[in-house]
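Geometric and topological summary
Next come the chains, spelled out residue by residue.
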Amino acid sequence: MSKKRQAAPTGPPRSSALKKAGLLAIGGAVLVAGIGVGRIAYNRAGRHVGFPAPNPPEADAEVTHADFVGAETCASCHPSEYAVWKPSTHGRAGGLPNTGLVKGPFNGRPMRFRDAVVTPSTTPAGEFVFTVVQQDRPTVVFRVDAVVGGGYMVGGGTQAAFSKFPDGTLRFLPFDYSQAEHLWFCQARPGNRGWLPITPAIALADCDAWPPTRVLGSSERFQSCQQCHGSQIEVTFDSVAKRYDTRFTTLAINCESCHGPGRRHVEIAHSGKIDATADIGMRALATLTKDQSLDVCFQCHSVKAALEPGYLPGKRLQAHFALKLPQLLDTIYYADGRTRVFAYQEGHLSSDCYLNGSMTCVDCHDPHSQRYRDVNNAPLPGRFDDGQCLDCHASKGGPVERHTHHPPASQGSRCVSCHMPYLQESSVGHEVRYARSDHTIPIPRPVYDTRLGIENACQQCHRDRNAQDLEAQVTAWYGQIKPHPTPVAGLLAADSVSDAARAAHTILSTTDGHAMAAIAGLGRILRRYATPDLAALDGETIDRLEQLAASTDRDVQALALATLHLLQGADPRVRRFLVREVRSLGPEDSPVRNRWAWILRVRGDAFLASGDHAGALAAYRKALELKPDDPAVWRSLGVAYTRMRDYGKAIEHFSRSLALRPSQPQVLVEMGFALMQQGVLDRAREAYRQAIAINPWEPAAYANLGVLELRDGALRPAVTALEKAVQLDPGLANAHFALASAYAQLGERGRAAASVQRGLEFDPTNATARRMLDAIGTP
């Protein structure tokens with residue numbers, strides 16, 4: 001199972017931020033996207049040139065859970081497809097736990113952390129459970145209610161477990177199992193060593209998902225894996241029942257995950273008229289274009305930026321997600337498209353087979369059996385068979401050793417050994433094998449690969465030879481190594497240019513026809529020209545950005561527009577150009593505008609994280625110009641002013657966000673904090689209680705209410721609220737510290753010391769807390 005955090009800028013984990021930023025920093029909220037208001041450019045007469053109001057979004061398909069019929073219904077008319085799908089990796093991708101599906105040994109043998117013992121076992125009723133025992137803590141038992149993954153991947157497959165929590169979410173438990181290596185491991189917190197086998201050398205709190213906060217399905221409130229690990233997953237908050245509703249058809253990847261909802265198709269088939277109409281009630285996947293076909297797979301097999309919630313198969317993927325923009329969140333790819341940190345198979349978009357050919361996923365992978373086939377759909381005997389490549393590259397096959405310079409039956413004569421080697425995901429580390437085939441389909445470049453830190457294909461077999469030796473051998477066989485594509489070469493050349501303007505020219509002159517390189521290049525320009533509304537940006541760069549703004553790729557188009565807007569939005573000529581472009585978007589207004597605003601918010605986040613408040617405000621104001629009624633942007637403005645300790649403006653903008661969307665408990669928490677800093681305790685208390693009334697599972701609301709009561713001298717109410725906060729999220733370090741303060745003032749030194757120690761598990765470098773512990777002493 002792949003468990004890299006997906007890009008979800010509209011809803012990062014609030015509780016995680018509270019642990020990192022401190023209880024009194026922002027009251028549990030995450031600084032996400034968007035700040036400010038105000039327009040800054042003028043027409044020739046000096047009057048303000050505003051952007052037109054957003055067009056109503058193009059009607060999306062009306063899809064609900066009732067439109068999905070399940071794979072078993074499909075089987076009645078399509079038995080052969082169902083028969084090969086059922087035992088496939090998609091058909092066995094996950095589900096409710098049973099002895100045939102669960103891979104880890106639930107045999108009662110304990111896993112020992114430095115500070116905890118976790119025992120996987122089964123109950124007399126046949127349930128799979130993890131029992132967690134920590135010193136001086138109540139024993140906690142997590143029942144496994146779902147598993148995802150089956151350890152099927154050749155490069156190292158894993159399985160994860162989820163448990164249903166009282167709030168209705170299914171939460172990922174931090175005890176993964178590697179089928180390939182037969183060991184339990186956990187994913188360490190960012191900054192640690194990736195994935196770590198569970199041993200007494202690590203503490204339970206070293207695991208990123210402890211306490212469990214990541215949920216199955218997409219949620220604006222929680223860190224999540226989006227909808228990838230199952231079929232038709234939805235997570236919604238029921239405002240009447242006051243809990244989350246997690247629904248899915250199955251945790252396998254079923255027919256309708258790819259084909260879309262089947263209800264109309266079944267109705268037409270049962271009517272007896274399906275052979276008499278061109279409308280079969282669903283898209284015929286065999287008729288899709290190259291990019292449409294890839295989008296079917298990229299629903300799951302890519303890192304995505306979330307633009308709009310509520311996606312289900314059958315809706316327009318590109319209206320809900322941006323597939324190329326996550327590069328702006330983190331440098332997850334190298335210039336040539338290969339994985340730098342953690343990614344899936346989207347590297348294919350940088351391959352020659354995509355850029356200069358028509359290759360899609362299903363040219364090699366049978367979509368029903370997940371077995372391998374050639375371009376003519378003929379089955380191949382195995383995953384490493386050369387037939388996948390030789391149908392297009394026939395000249396390389398006769399005889400094969402003339403091209404490979406290796407014996408025909410050897411591993412070195414397999415196409416994929418050199419052009420699609422398995423590479424360990426770098427963010428995973430090297431303790432647990434998790435390698436994935438390189439879908440950029442590169443040629444071996446031993447010296448270049450080694451310089452990047454990538455294990456080159458040659459060295460995977462020839463470990464006794466260095467990169468220079470291997471490169472000399474490649475050159476002796478094939479002559480000068482083939483240059484990178486021009487857009488990639490431009491990116492690489494720009495990295496060594498110190499002058500930002502020259503670097504921009506180098507990048508922008510070479511991006512045609514390569515959307516991933518264009519995104520990477522524009523991202524570099526944003527980072528190098530890091531000042532909004534530059535006094536001057538040279539005309540050549542502006543002209544090229546305007547050309548890219550006409551791209552047919554929405555991600556490239558939006559990024560070019562956002563770059564112009566951020567760097568030169570105050571220039572009257574550029575401003576007029578931007579306004580004209582917005583007016584010309586037509587039905588593309590919503591997807592392009594959403595991307596454009598998302599990019600500005602991401603840049604604002606980066607400015608804010610670096611302490612550049614002015615830059616953040618400028619970026620967020622520009623996002624608000626595009627989406628003036630977006631409550632998330634107004635909220636982020638409030639968060640930014642909170643960071644600046646301008647609590648009056650923070651309250652003003654939180655209030656505007658709440659006026660646009662009243663049911664936002666996290667915004668109420670943030671506004672309560674600002675009110676508390678102004679000494680308006682009654683209104684702060686009211687805001688926290690209103691947040692709890694909306695969502696009684698919101699730990700930050702209880703934590704901040706407890707701090708307020710503590711500040712007001714109401715120790716028992718403080719203890720009640722803070723105990724509730726750490727019950728809902730035991731990882732809130734500062735809530736533990738505040739609870740310790742309340743206990744200490746009540747004379748309960750033992751409880752005070754225990755609370756400090758629990759907080760230090762999640763914030764071990766907190767010097768104030770350590771001084772508090774010294775002052776409390778050992779009871």
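Remarks on the packing of helix α27 (residues 699–711) against helix α28 (residues 715–728)
- With their axes 7 Å apart at the nearest point, α27 and α28 run at an angle of 160° to one another. By the angle class used here, α27 and α28 are roughly antiparallel. Crossing handedness for the pair α27 and α28: left-handed. Two secondary-structure elements touch here, α27 through Pro-699, Tyr-702, Ala-703, Leu-705, Gly-706, Val-707, Glu-709 and Leu-710 and α28 through Leu-715, Pro-717, Ala-718, Ala-721, Leu-722, Lys-724, Ala-725 and Leu-728.
- Here the residues of the contact of α27 with α28 are counted per class, giving 13 nonpolar, 1 polar and 2 charged.

Some points on helix α23 (residues 631–643)
- The terminal C-alpha atoms of α23, which comprises 13 residues, lie 18 Å apart, in line with the 18 Å expected from a rise of 1.5 Å per residue.
- With 11 of 13 residues buried, α23 is to be regarded as a mostly interior element.
- Residues Pro-631, Val-633, Trp-634, Arg-635, Ser-636, Leu-637, Gly-638, Val-639, Ala-640, Tyr-641 and Thr-642 constitute the buried set of α23.
- One or two steps after α23, the chain reaches Arg-645, where phi turns positive at roughly 65°.

Structural notes on the side chain of Arg-436
- Structurally, the position occupied by Arg-436 is in strand β17 (residues 435–437).
- Buried within the structure, Arg-436 lacks any salt-bridge partner; Glu-425 is the closest side chain of opposite charge, at an N-O distance of 5.7 Å.
- A distance of 3.1 Å separates a polar side-chain atom of Arg-436 from the backbone oxygen of Gly-156.
- Only 3.4 Å separates the side chain of Arg-436 from the side chain of Tyr-434, close enough to count as a polar contact.

Regarding the nonpolar core
- Counting residues in hydrophobic clusters, the biggest one holds 146 residues, and the most contacted among them are Phe-113, Phe-130, Phe-175, Trp-596 and Ile-599.
- One finds Phe-298, Ile-332, Phe-342 and Leu-349 within the second-largest nonpolar core, a separate group that totals 23 residues.

Comments concerning the side chain of His-439
- Position of His-439 among the secondary structure elements: in the loop between β17 and α13 (446–452).
- Here His-439 falls in the buried class, since its relative accessible area comes to 19%.
- In this structure His-439 touches Gln-345, Gly-347, His-348, Ser-351, His-365 and Met-420, once residues within four positions along its chain are discounted.

Some points on the environment of Pro-696
- Inspection of the secondary structure puts Pro-696 in the loop between α26 (681–694) and α27.
- According to the relative accessible area criterion, Pro-696 is partly exposed, its value standing at 24%.
- The spacing of Pro-696 and Leu-728 is 32 residues in sequence and 9.8 Å in space, taken between C-alpha atoms.
- Setting aside residues no more than four positions away along its own chain, Pro-696 makes contact with Lys-242, Tyr-702 and Leu-728.

What to know about the pattern of salt bridges
- As enumerated under the stated definition, the model contains 34 salt bridges in all.
- Across the salt bridge formed by Asp-449 and Arg-338, the nearest N and O atoms sit 2.6 Å from each other. One end of the pair, Asp-449, is in helix α13; the other, Arg-338, is in the loop between β15 (321–322) and α9 (352–355), and 111 residues separate them in sequence.
- Put simply, Glu-748 and Arg-751 hold a salt bridge, and the shortest N to O gap is 3.4 Å.
- Here the residues in one salt-bridge network are Asp-682, Arg-685, Arg-689, Glu-709 and Asp-712, joined through shared partners.

Regarding the packing of helix α22 (residues 613–626) against α23
- In the contact formed by α22 and α23, the axes pass within 10 Å of each other and the chain directions differ by 165°. What the angle tells us is that α22 and α23 run roughly antiparallel. Viewed along their axes, α22 and α23 form a crossing whose handedness is left-handed. When α22 is examined against α23, the residues His-613, Leu-617, Tyr-620, Arg-621 and Leu-624 are found in contact with a partner set consisting of Val-633, Trp-634, Leu-637, Ala-640, Tyr-641 and Arg-643.
- Residue composition of the contact of α22 with α23, by class: 8 nonpolar, 1 polar and 2 charged.

Looking at the sheet that holds strand β5 (residues 140–143)
- If you trace the 4 strands from one edge of the open sheet to the other, you get β2-β3-β4-β5, paired in antiparallel fashion. Pairing within the sheet leaves two strands with one partner each, and these edge strands are β2 (111–112) and β5.
- Pairing geometry for strand β4 (residues 128–134) and β5, over 4 bridges, is antiparallel. Bridged to Val-132 within β5 is Val-140.

Structural notes on the confidence of the model for the protein chain
- When the pLDDT values of the protein chain are averaged, the result is 90; 93% of them are 70 or greater.
- Predicted confidence for residues 1–47 stays below pLDDT 50, and this span has 177 contacts to residues more than four positions away or in other chains.

Digging into the packing of aromatic side chains
- In this structure the tally under the stated criterion is 22 aromatic pairs.
- Considering the side-chain rings of Phe-106 and Phe-128, the 5.2 Å spacing of their centres and the 80° angle between planes classify their relative orientation as edge-to-face. Taken together, the positions of Phe-106 in the loop between β1 (94–95) and β2 and Phe-128 in strand β4 put the pair 22 residues apart, joining distant regions of the chain.
- Taking relative accessible area as the criterion, Phe-128 reaches 8% and is therefore assigned buried.
- Consider the rings of Phe-106 and Trp-184, whose centres lie 5.7 Å apart with planes at 85°: the pair is edge-to-face. Of this pair, Phe-106 sits in the loop between β1 and β2 while Trp-184 sits in strand β10 (residues 183–187), placing them 78 residues apart in sequence. In this structure, Phe-106 and Trp-184 share a single accessibility class: buried.
- Taken together, the aromatic side chains of Phe-106, Phe-113, Phe-128, Phe-130, Phe-175, Tyr-177 and Trp-184 make up a single cluster linked through ring pairs.
- Over the face of the ring belonging to Phe-222 we find Arg-221, whose NZ or CZ atom lies 5.1 Å from the ring centre.

Examining the environment of Leu-624
- Structurally, the position occupied by Leu-624 is in helix α22.
- The sequence separation of Leu-624 and Arg-601 amounts to 23 residues, and the corresponding C-alpha distance is 9.3 Å.

Rules of the game
Residues numbered from 1 in each chain as written. Predicted model: local features only at pLDDT ≥ 70, side-chain atom pairs only at ≥ 80, totals over all residues. Heavy atoms only, no water. Axes fitted to C-alpha atoms, helices over the stretch in contact; angles between N-to-C directions. Helix = DSSP H or I, 4+ residues; strand = E, 2+ residues; numbered from the N terminus. Parallel < 35°, antiparallel > 145°, perpendicular 65-115°, else oblique. Left-handed = near helix turned anticlockwise from the far one by under 90°. Contact = heavy atoms within 4.5 Å. Nonpolar A, V, L, I, M, F, W, Y, C, P; charged D, E, K, R; others polar. Expected span 1.5 Å × (residues − 1). Buried < 20%, exposed > 50% of the residue type's maximum accessible area, 1.4 Å probe, protein only. Lys, Arg positive; Asp, Glu negative; His and termini not counted. Salt bridge = Lys/Arg side-chain N within 4 Å of Asp/Glu carboxyl O. Polar contact = N/O pair within 3.5 Å; in protein donor to acceptor, adjacent residues only side chain to side chain. Core = buried A, V, L, I, M, F, W, Y, C linked by side-chain atoms within 4.5 Å. Pairing = 2+ DSSP bridges. pLDDT = per-residue confidence, 0-100. Phe/Tyr/Trp six-rings, centres within 6.5 Å; stacked < 30°, edge-to-face > 60°. Lys NZ or Arg CZ within 6 Å of the ring centre and 35° of its normal.

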